[in-house]
Amino acid sequence: MTGTEFEGKTALVTGAGSGIGQGAALRLAKGGAFVGLLGRTESELEETLDLIRSLGGDGVVLLADVSREDEMERAVDQLFDLRGRLDVVVANAGINGTWAPIDDLKPAEFDETIAVNLRGTYLTLHHTVRRMKKRGGSIVVISSINGTRTFTTPGATIYSATKAAQLAMVLQLALELGRHGIRINAVCPGAIETEIDDNTHIRKQRQTEVPAKFPEGDIPLTGGVPGTIEEVADVIAFLASDASRHVTGTPIWVDGGQSLLR
Ligand code: NAD
C-alpha cells in the first residue's frame, strides 16, 4: 500500500516526534502526503522531518502543546494557510501520566492526563474539523486497549478513562460528521515498543495489581513479543486511505489478540 495513495493530500499528525506518531507521519509521507508534524519538542519534530525528506517526502514542523487552545489554533492555521486543504488527521499525542491507587492519585496528576489526552484530542478535532468540512477526509484517533477492552493495567484508571472517552467521541462524531464526508475511527494499540513507558509514573503497583498471569505470554499472536510502530502505522494508513472509504465509527485493536485475554 505504499506509493501514491496520499498524493496531493495534506495530513496532520500530533505527537509526531516519536513512537506511533512518528511512524504514522513517515507512513503517510511515504504514500505521498504532505505532513504537518505537531508536537512540543522541536528537535524531535525536526528529526521526523529529516527522515521524511530523506525518503523524498515533505512536511512542516508545527510547535504546539495539544492542551493549549491558542497554540493549537495557530498550528492548524499555519498548516492550512500553507496547503489550503486538510485531508487526514491523526490525533495521537498522549501520555500515560501517573498510575497509582485512586486514593493516592493527586488532583494535579489527574488534571495533567485529562489535559493532554482528552482536552488535547478535543482541541485537535475542534480546530481541524472545520477545515475538513468542505472536502471531507479521514480522522484517526489513537486510543488504546486500556479503557476499551482491558481494565487490568495496575493503577491506570485515569489513563483508561481518557482512552474510553476518546472512543466515545469517535462513535458520537461518526454520526455528526458523516454528512460532511468526514470519517472518524479509532486505533487501539496493545503493548507497542515505544518510549511511552519512560514517561510513566507508577506508584504502589502492588496495591493495584490484578492477579492474572498468562504462562505462554500475554500476546497470543507473538508469544508475548510487543507490536512494532510500523504495525500500528499500517493500520492508521489503511483508515486514512480510500481503502477504508466505507468505514467510520469503528475501533480497530492492533494488539495481536492481547486485549482478548484481559
Ligand atoms: P511516545 O511517548 O513515544 O509519543 C507520544 C508523543 O506525544 C511524543 O512525541 C510527545 O512529545 C507527544 N506529546 C505528549 N504530550 C504532548 C502535548 N501536551 N502536546 C503535544 N505533544 C505531546 O508514546 P507512543 O507510545 O508513541 O504514544 C502515542 C499514542 O499511542 C498515545 O496516545 C498512547 O496513549 C497511545 N498508545 C500507546 C501504546 C504503547 O504501547 N506504546 C499502547 C496503546 C496506546
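Just so it is clear, the structure is predicted and the values come from calculations on it, not from any experiment.

Q: Outline the overall build of the protein, supporting the account with residue identities and numerical values.
A: Across its full length, the protein holds eight helices and nine strands. Taken against the 2.2 N^0.38 rule, which gives 18 Å for 262 residues, the C-alpha radius of gyration of the protein at 18 Å falls within 12% of a compact globule. Counting the 262 residues in the protein, one finds 50% classified as buried. The contacts in the protein between residues at least 6 apart in sequence include a share of 76% that link residues at least 24 apart.

Q: Give a detailed account of the nonpolar core, specifying residues and quantitative values.
A: Judged by nonpolar contacts, the single largest core of 33 residues is most densely connected at Leu12, Leu38, Leu62, Leu79, Leu86, Ile139 and Ile184. When contributions to this core are tallied by element, the ones reaching two or more residues are β2 (34-39), β3 (58-63), α3 (69-83), β4 (88-91), α4 (107-132), β6 (137-142), α5 (157-178) and β7 (182-189). Those residues in contact with Ile184 that sit more than four places away from it in its chain are Leu125, Ile139, Val141, Val170, Leu173, Ala174, Thr248, Gly249 and Thr250.

Q: Can you lay out the pattern of salt bridges for me, pointing to particular residues and giving the numbers?
A: A full pass over the atoms with the stated rule returns 12 salt bridges. For the salt bridge of Arg40 with Asp65, the shortest nitrogen-to-oxygen distance reads 3.9 Å. Taken together, the positions of Arg40 in the loop between β2 and α2 (42-54) and Asp65 in the loop between β3 and α3 put the pair 25 residues apart, joining distant regions of the chain. Looking at Asp65, the relative accessible area reads 18%, which means it is buried.

Q: Talk me through the packing of aromatic side chains; I want residue IDs and the actual numbers.
A: The geometry of an aromatic ring pair is captured by the separation of the ring centres together with the interplanar angle, meaning the angle of the planes. Taken as a whole, this structure holds one aromatic pair when the rule is applied. Here Trp99 and Tyr159 contribute two aromatic rings whose centre-to-centre distance is 5.9 Å and whose plane-to-plane angle is 50 degrees, an arrangement assigned as tilted. You can see Trp99 sitting in strand β5 (residues 97-99) and its partner Tyr159 sitting in helix α5, a full 60 residues away along the chain. Assessed through its relative accessible area of 11%, Trp99 is described here as buried. For Tyr159, a relative accessible area of 9% gives the class buried. Residue placement shows Arg83 over the ring face of Phe34; its charged tip is 4.1 Å from the ring centre.

Q: Got a sec to walk through the site of the ligand? Specific residues and values, please.
A: Near the ligand lie 29 residues; those nearest to it are Ser18, Ile20, Asn92, Tyr159 and Thr194. At 2.9 Å from a nitrogen atom of the ligand is found a side-chain nitrogen or oxygen belonging to Asp65. A distance of 2.8 Å is found between an oxygen atom of the ligand and a backbone nitrogen or oxygen belonging to Asn92. Contact with the protein chains hides 93% of the accessible area of the ligand, taken as 810 Å² for the molecule alone.

Q: Provide a residue-level description of the sheet that holds β3, including the pertinent values.
A: An order of β3-β2-β1-β4-β6-β7-β9 is seen for the seven strands of this open sheet, with the pairing classed as parallel. Strand pairing shows two members of the sheet lacking a second neighbour, β3 and β9 (251-254), which therefore form its edges. Each adjacent strand pair in this sheet contributes to an overall mean axis angle of 20 degrees, direction not counted. Lying on the sheet, α3 is in contact with β1 (10-14), β2 and β3; it crosses β3 at an angle near 155 degrees. Sitting on the sheet, α5 is in contact with β6, β7 and β9, with an inclination near 160 degrees to β7.

Q: Explain unusual backbone geometry to me, using residue names and the numbers behind them.
A: For Lys204, which is not glycine, the phi dihedral falls at a positive 50 degrees. For Lys204, a relative accessible area of 44% puts it in the partly exposed group.

Q: So what about α3? Which residues, and what values?
A: Taking 1.5 Å as the rise per residue, α3 with 15 residues should run 21 Å; its terminal C-alpha atoms sit 21 Å apart, in good agreement. Looking only at α3, the buried set comprises Met72, Ala75, Val76, Leu79 and Phe80. Each buried residue of α3 sits inside an arc of 125 degrees when the element is viewed along its axis, so together they form one side. In α3, the exposed positions that point more than 90 degrees away from the buried face belong to Arg74, Asp81 and Leu82. Looking at the buried side of α3, the elements it contacts are β1, β2, β3 and α4. Trailing α3 by a residue or two, Gly84 shows a phi angle of about 75 degrees, which is positive.

Q: Which residues make up the packing of helix α1 (residues 19-30) against α2, and what values go with them?
A: Each packed pair of helices is defined by two parameters, the angle between the axes and the distance between the axes. Relative orientation of the contacting elements α1 and α2 amounts to 25 degrees, with a least axis distance of 10 Å. By the criterion of interaxial angle, the relationship of α1 to α2 is roughly parallel. As for how α1 packs across α2, the hand of that crossing is right-handed. Across the interface between the two elements, Gln22, Ala25, Leu26 and Ala29 of α1 pack against Glu47, Thr48, Leu51 and Ile52 of α2. When its residues are assigned to classes, the contact of α1 with α2 shows five nonpolar, two polar and one charged.

Conventions and cut-offs
Every chain's residues receive numbers from 1 upward, in the order its sequence appears when written. Local features in this predicted model are restricted to residues whose pLDDT is 70 or higher, and side-chain atom pairs enter the listing and the counts only when it is 80 or higher, whereas totals over whole chains, interfaces and linings include all residues. Each side-chain value is worked out from all heavy atoms of the structure, with water and hydrogens disregarded. The helix count covers DSSP runs of H or I at least four residues long, the strand count covers runs of E at least two residues long, and both are numbered beginning at the N terminus. Only C-alpha atoms enter the radius of gyration; for comparison, a globular chain is expected to reach 2.2 Å times N to the power 0.38, where N is the number of residues. Burial here depends on accessible area, computed with a 1.4 Å probe over protein chains only, as a share of the maximum for the residue type. Under 20% is buried, over 50% is exposed, and the range in between is partly exposed. Every residue pair with non-hydrogen atoms within 4.5 Å of one another is taken to be in contact. The nonpolar core is taken to be a set of buried Ala, Val, Leu, Ile, Met, Phe, Trp, Tyr and Cys residues, with the residues joined through side-chain atoms within 4.5 Å. Only one rule defines a salt bridge in this text: a Lys or Arg side-chain nitrogen within 4 Å of an Asp or Glu carboxyl oxygen. Classification of ring pairs rests on two measures: the distance between centres of Phe, Tyr or Trp rings, Trp counted by its six-membered ring, which must be within 6.5 Å, and the angle between planes, read as stacked under 30 degrees, edge-to-face over 60 and tilted in between. Charge over a ring is defined by NZ of Lys or CZ of Arg lying within 6 Å of the ring centre and within 35 degrees of the ring normal. We call a residue near a molecule or strand whenever a single non-hydrogen atom of that residue lies within 4 Å of it. A 3.5 Å cut-off defines polar contacts: any pair of N or O atoms within that distance qualifies, except that in protein one atom must be a possible hydrogen donor and the other a possible acceptor, and neighbouring residues in sequence count only when both atoms are side-chain atoms. Accessibility throughout is a Shrake-Rupley quantity obtained with a 1.4 Å probe, and a residue counts as covered only by protein chains that appear here. We treat two strands as partners when DSSP finds at least two bridges between them. Only the contacting stretch of a helix is used when fitting its axis, a line to C-alpha atoms as for every element, and angles between N-to-C directions run 0 to 180 degrees. Each residue after the first adds 1.5 Å to the expected span of a helix. Working definition: the arc comes from the directions between the helix axis and the C-beta atoms, pointing outward to the latter. An angle below 35 degrees is treated as roughly parallel, one above 145 as roughly antiparallel, one from 65 to 115 as roughly perpendicular, and anything else as oblique. Note on convention: near helix rotated counterclockwise from far helix by under a right angle means a left-handed crossing. Clockwise means right-handed. Gly counts as polar in this scheme, as do all residues outside two lists: the nonpolar Ala, Val, Leu, Ile, Met, Phe, Trp, Tyr, Cys and Pro, and the charged Asp, Glu, Lys and Arg.

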